[in-house]
Amino acid sequence: MKLKDMPINELITVDHNCSCGRHHHMAIDHLAIGKGTVNKLPEFLADQKLADGTPLTKNDKICVVADIHTWPVAGEQVYNLVKASGYPVTSYIFQHEIMHTTEVFIDELENAMPKDVSLPLAVGSGTINDLTRMVSFHRNIPYYIIGTAPSMDGFATDVAPATIKGLKCSLPAHCASGIIGDTDFLSTAPDKMIAAGIGDIIAKYIAINDWRLSYLINDEYYCEEVAELMLNSTDKVANSVNGLVNGESNAYQYLMECLVLIGIAMGYVNNSRPGSGAEHSMGHVLEMKAALKGEYGELHGTSVGMATCVMAEMYKKFLTLDIDYDKARAHAEQFDYDSWADEIRRVFGTSADQIFKVYEKNQQSDPANVKRRIDRIEANEDQIRAIITETVKKVEKAPEYIDAMHGMTSPKQYTLFSEDEFRDILSYTKEQRDRYAGLQFFYDLGVLDELVDYIIDKYYD
């Protein structure tokens, strides 16, 4: 049986000898998604094991971690369920109106959560989940996430995206031992957070596209079964958007299941490739640039969803271009490191040194490396165009899906950044991480500047 044909409760504990040649494994202890599933919590706690394999007992302290928004939605109910089940329980409620996963808030939770806590229960979504994940990882104790908004794809990942010293990065962590997505909570989330979840999921069309391109161009490891699992789940959510608009419980269940599956897929291949391509790198740069302005910016899924709409337009326009491979090779030869470094300092400011470290490792614009990739692109042109054509057909409705819940579909709506700043973001996002994706692909072929001009004209004129 292929991964795409397995139910989610099998996928969380699977041992699968895959057609890609690798063995995929996942071990999430407990998962419940659907209406009223928070009531599964006492059952899960009774069966929970600690890091050393011993069972959680009624002598082990539990800490409910929430914020001023999630405590009244679900935190207090979770606290009362734990208390009624006979466990010693405490709570920590962040008092900030807005938070992101930074060293400031990681330290706050580390200092605030009692040292004798055996199991933290995160009640929230992206930031609360990641902060609790980080602190529990540092202490080598398991944790649960009880989701209050289906707004991001990190519920089941074993890394924590964070902004450290102004640079967006993924820190090693661990996966939640228990995941609860009660649609009674999820359906109360603001439209903006639902739109962010849709954006984070629809982004998988671009992510899988970029993974497939890198497989052909760079011989990067690729798993078709994991890719199919992602695309099938994304299709299911795309077909359920009207249900989300109408507040249907099963639509929220599909959305949450897909967000969890993305993390599971990343766990299967031990990196974020199945869920993150050029659109995610662009989202990360938007977050970095906002931090450089002293602002929090938009929700991660909001940024990624908008970036997905932009990448869809870039790929669609790319299909109309006639590529001159000799001209692309000549363009590659024009790279000047000193001029490039000056631009990186201008665009990334105090985060520039981290970008230089990425380049030292990857040498992505070195003419010899670019020309090697051009050779592979030219040799696989028909297959590459077929992949992009298939992707464009799937992702071209991304603005419609995101707009259904009043989400962001245009860079012009991201008013924190000017037209010139977004031009810089499009031009230099490819430098942000060591991962081949669409914007580097366009650069390799010498058409990135042309496509950036096209996007700026389309959205700003």
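Residues numbered from 1 in each chain as written. Predicted model: local features only at pLDDT ≥ 70, side-chain atom pairs only at ≥ 80, totals over all residues. Heavy atoms only, no water.

**Quick notes on the overall build of the protein**
Moving on, step 1. Secondary structure assignment for the protein yields 22 helices and 10 strands.
Moving on, step 2. Relative to a compact globule of 461 residues, whose C-alpha radius of gyration would be 23 Å, the protein shows 22 Å and is just as compact.
Moving on, step 3. With the C-alpha coordinates of the protein rotated into their principal frame, the extents come out at 70 × 50 × 45 Å.
Moving on, step 4. Counting across all 461 residues of the protein, residues that qualify as buried make up 60%.
Moving on, step 5. Of the contacts made within the protein by residues no fewer than 6 positions apart, 77% connect residues no fewer than 24 positions apart.
Moving on, step 6. Carbon and sulfur atoms provide 46% of the accessible area of the protein, an area that totals close to 18000 Å². (Helix = DSSP H or I, 4+ residues; strand = E, 2+ residues; numbered from the N terminus. Rg over C-alpha atoms; globule rule 2.2 N^0.38 Å. Buried < 20%, exposed > 50% of the residue type's maximum accessible area, 1.4 Å probe, protein only. Contact = heavy atoms within 4.5 Å. Areas by Shrake-Rupley, 256 points an atom, 1.4 Å probe, with all protein chains shown as cover.)

**A closer look at the packing of helix α15 (residues 337–348) against helix α16 (residues 352–362)**
Moving on, step 1. Packing of α15 against α16 leaves a shortest axis separation of 9 Å and a crossing angle of 140 degrees. Here α15 is positioned oblique relative to α16, judged by the angle of their axes. When the axes of α15 and α16 are compared, the crossing they make is right-handed. The segment α15 lies against α16, with Tyr337, Trp340, Ala341, Ile344, Arg345 and Phe348 engaging Ala352, Ile355, Phe356 and Tyr359.
Moving on, step 2. Residue composition of the contact of α15 with α16, grouped by class: nine nonpolar, no polar and one charged. (Axes fitted to C-alpha atoms, helices over the stretch in contact; angles between N-to-C directions. Parallel < 35°, antiparallel > 145°, perpendicular 65-115°, else oblique. Left-handed = near helix turned anticlockwise from the far one by under 90°. Nonpolar A, V, L, I, M, F, W, Y, C, P; charged D, E, K, R; others polar.)

**Here we look at the sheet that holds strand β5 (residues 89–94)**
Moving on, step 1. Pairing is parallel across the open sheet formed by six strands, whose spatial order is β3-β10-β7-β6-β4-β5. The sheet is open, and its two edges are formed by β3 (30–34) and β5, each paired on a single side. The average angle at which neighbouring strand axes cross in this sheet is 15 degrees, direction not considered.
Moving on, step 2. Of the strand pairs in this sheet, β3 and strand β10 (residues 178–182) are connected by five bridges, and their pairing is parallel. Bridging across to β10, Ile33 finds its partner in Gly181.
Moving on, step 3. Taken strand by strand, helix α5 (residues 126–139) contacts β4 (61–67), β5, β6 (117–124) and β7 (144–147), and its axis lies near 165 degrees from that of β6.
Moving on, step 4. The strands touched by helix α11 (residues 249–269) within the sheet are β3 and β10, with β3 carrying the most contacts at an inclination of about 150 degrees. (Pairing = 2+ DSSP bridges.)

**A few points about the pairing of β5**
Moving on, step 1. Two strands pair when backbone bridges link them, and β4 and β5 are joined in this way by six bridges, in the parallel orientation. Opposite Asp67, over in β5, you have Phe94 as the bridge partner.
Moving on, step 2. Between the parallel pair β4 and β5, the chain is carried across by helix α3 (residues 70–84), and the sense of this crossover is right-handed. (Right-handed = clockwise from strand over helix to strand, strands pointing away.)

**Description of the nonpolar core**
Moving on, step 1. Judged by nonpolar contacts, the single largest core of 141 residues is most densely connected at Val260, Tyr268, Met314, Phe318, Phe422, Phe441 and Phe442.
Moving on, step 2. Per-element tally for this core: the top contributor is α11, with 14 residues.
Moving on, step 3. Counting contributing residues per domain, this core is built from domain 1 (7–188) and domain 2 (276–460), each supplying no fewer than three.
Moving on, step 4. In contact with Phe441, other than residues within four places in its own chain, are Leu213, Ile217, Tyr315, Phe318, Ile377, Ile384, Ile388 and Tyr436. (Core = buried A, V, L, I, M, F, W, Y, C linked by side-chain atoms within 4.5 Å. Domains from an automatic or database assignment.)

**What about unusual backbone geometry?**
Excluding glycine, residues mostly carry a negative phi; peptide bonds, for their part, are mostly trans.
Moving on, step 1. Unlike most non-glycine residues, Asp219 shows phi in positive territory, near 60 degrees.
Moving on, step 2. The backbone of Asn270 sits at a positive phi, close to 65 degrees, despite the residue not being glycine.
Moving on, step 3. Looking at the secondary structure, you find Asn270 in the loop between α11 and α12 (278–292).

**Quick notes on the pairing of β4**
Moving on, step 1. With six of its seven residues buried, β4 lies for the most part within the structure.
Moving on, step 2. Across five bridges, β4 lies against β6 in parallel orientation. Within the sheet, the bridge partner assigned to Cys63 lies in β6 and is Pro120.

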